[in-house]
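Spelled out from the first residue to the last, the chains are:
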Amino acid sequence: SFNSARRTPYKRDMAVYTEVSEGEARALLQRLGLGELTALRGIEGGIENTNYFASTTEGEWVLTLFERLTHAQLPFYLHLMKHLAQHGVPVPDPQATPAGLPVPPGEDDLLHTLHGKPTAVVNRLRGKSELSPGPAHCAAVGDMLARAHLAARDYDRRQPNLRGLAWWNETVPAVRPFLDDSQATLIRSELAYQNHVAAGSAYAALPRGAVHADLFRDNVMFEGTAAQPVLTGFFDFYFAGVDTWLFDLAVTLNDWAIDLPTGATDPARTAALLHAYQAVRPLTDAERRLLPAMLRAGALRFWLSRLWDFHLPREASLLKPHDPRHFERVLRQRLAAPLTA
């Protein structure tokens, strides 16, 4: 994640994999016509990428070097953000190489390079993350998530969700040695269930398109008050892909509308988020039927990725991965008390 100016125990600890000098940042920002660099600092947050806040005479920016994603993969994410920004969805707007300047091989107008790494520069969002949201925050998120889904209907680039079912099938065997018998039984049975769901006709009928797929509390910014929050932006689109809108909604509910210590559903926040979403885009009959299954899918996906990051980490300065047991608890709660829309 990037863009949040607030550090709390919920935030991912800082990870700067690639050091960027002020001179290197200054040269890129000048080339993009974004003013003279006045300050540069590494950002608290970021499991996947290296992120810096850059202040210039023209504004506030976020500089991201992508450590895993390639030059070939990134245009999907960057052009999705640009597409949403142009359709009135508040997201970081990737800054383009000015018309008339050459675009080096392997780059495009939104994708740049530092230290041989694919790099993007976006505007910094206003506000801060709300890590203890109430129903009003959840309603704002539900409303904007539905608007983002509708805005992306005519986005013409395609890339699968790289952390979808195929990745789950590959990753379960890799993390199995780190699980006790109860956890192993749960993860195997849930994976089998999700393969069964994905092969069904109801799943095939679900509406789909480009989705965020990682819309957690620390990936949304607010201004205003607790009673009347103003959502100023969604960010961190680098797990986005083409998937079902219902999966995206489920991932969002699994973070915004649960009790963090236990993983249990929070009824008021759940109702607020679902009502606001459906006021913009009502769920289909197939989506209503499969909401419990997709809530389980969202929990499985993040339990797996946290197991992967926890037990099979990369070297990084000050990197501390999340506790995987959180999403194990969420999955067990979604099994014990299925939610209906």
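Starting from 1, residues in each chain are numbered consecutively following that chain's sequence as written. Owing to the predicted nature of the model, reporting of local features is limited to residues with pLDDT of at least 70; listing and counting of side-chain atom pairs is limited to 80 or more, with chain, interface and lining totals taken over all residues. Each side-chain value is derived from all of the structure's non-hydrogen atoms; neither hydrogens nor water enter the calculation.

Student: What is the right way to read the packing of aromatic side chains from this model?
Tutor: Geometrically, a pair of aromatic rings is defined through the distance of the ring centres and the angle of the planes. Each Phe, Tyr or Trp ring (for Trp, its six-membered ring) is paired with any other whose centre lies within 6.5 Å, and the angle between the two planes then decides the class: stacked below 30 degrees, edge-to-face above 60, tilted in between. Counted under the stated rule, the structure contains 10 aromatic pairs. The interplanar angle of 90° and the centroid separation of 5.6 Å between the aromatic rings of Phe 76 and Tyr 77 together place this pair among those described as edge-to-face. Think of it in three bands: residues with accessible area under 20% of the maximum for their type are buried, residues over 50% are exposed, and the middle band is partly exposed, with areas taken using a 1.4 Å probe on protein chains only. Taking relative accessible area as the criterion, Phe 76 reaches 4% and is therefore assigned buried. Judged by its relative accessible area of 1%, Tyr 77 is buried. Taking 4.7 Å as the distance between ring centres and 50° as the angle between the ring planes, the aromatic pair formed by Phe 216 and Phe 302 counts as tilted.

Student: Can you help me understand empty space enclosed by the protein in this one?
Tutor: Leftover empty space is mapped by rolling, across the atoms, a probe with the size of a water molecule. We place a 1 Å grid over just the protein atoms. Points where a 1.4 Å probe fits but has no way out form a cavity, open points with protein on both sides within 12 Å along at least 5 of 7 lines form a pocket, and any residue with an atom within 4 Å of a point lines it. Grid points are joined across faces, edges and corners, and a volume is the space filled by probe spheres set on the points. Under the counting rule described, the total for this entry stands at 2 cavities of 30 Å³ or more. Space inside the largest cavity adds up to approximately 80 Å³. Every residue along the wall of the largest cavity is listed here: Leu 80, Leu 84, Leu 145, Ala 148, His 149, Ala 152, Ala 210, Val 211, His 212, Phe 234, Phe 237 and Asp 248. A total of 3 residues in the lining of the largest cavity trace back to one element, the largest contributor, which is helix H3 (residues 135-151). As a working rule, the residues Ala, Val, Leu, Ile, Met, Phe, Trp, Tyr, Cys and Pro are called nonpolar, Asp, Glu, Lys and Arg charged, and the rest polar, with Gly in that last group. In the lining of the largest cavity, the residues fall into 9 nonpolar, 2 polar and 1 charged. Where helices and strands are cited, they refer to DSSP runs of H or I of at least four residues and of E of at least two residues respectively, numbered from the N terminus.

Student: It is not clear to me how helix H1 (residues 22-31) should be interpreted in this structure. Could you clarify?
Tutor: A turn of α-helix holds 3.6 residues, and therefore any two residues three or four places apart point the same way. Every buried residue belonging to H1 is among Ala 25, Leu 28 and Leu 29, and all of these are buried. The buried residues of H1 occupy one face: seen down the axis, they fall within an arc of 95°. Contact criterion: two residues are considered in contact whenever any of their non-hydrogen atoms come within 4.5 Å of each other. Looking at the buried residues of H1, the elements they touch are strand E1 (37-42), strand E2 (49-56), strand E3 (59-66), strand E4 (112-114) and strand E5 (117-123). After H1 finishes, the residue Gly 33 shows a positive phi value of roughly 70°. The arc in question is traced by the directions running from the helix axis to the C-beta atoms.

Student: Whenever I open this one, the confidence of the model for the chain confuses me. Can you help?
Tutor: Note: predicted coordinates in regions of low pLDDT should not be interpreted at a detailed level. The predictor attaches a confidence to each residue, and that confidence, scored 0 to 100, is pLDDT. Across the chain, the average pLDDT comes to 92, with 93% of residues at or above 70. Confidence drops under a pLDDT of 50 for residues 1-14, and excluding neighbours within four residues, the segment shows 69 contacts in the predicted structure.

Student: What is the right way to look at the packing of helix H7 (residues 245-256) against helix H8 (residues 267-280) in this model?
Tutor: When two helices pack together, their arrangement is captured by the angle between the axes and the distance separating the axes. Throughout, an axis means a line fitted to C-alpha atoms (over the contacting stretch in the case of helices), and angles, computed between N-to-C directions, take values from 0 to 180 degrees. Here H7 crosses H8 at 150°, and the two axes come no closer than 10 Å. Relative to H8, the element H7 lies roughly antiparallel. As for the relative orientation of H7 and H8, their crossing is right-handed in sense. Here Trp 245, Leu 249, Thr 252, Leu 253 and Trp 256 of H7 lie close against H8, whose contacting residues are Arg 269, Thr 270, Leu 273, Leu 274 and Tyr 277. In this scheme, roughly parallel covers angles under 35 degrees and roughly antiparallel covers those over 145, while 65 to 115 is roughly perpendicular and the rest are oblique. Take the far helix as the reference: if the near one is turned anticlockwise from it by less than a right angle, the crossing is left-handed, and if turned clockwise, right-handed.

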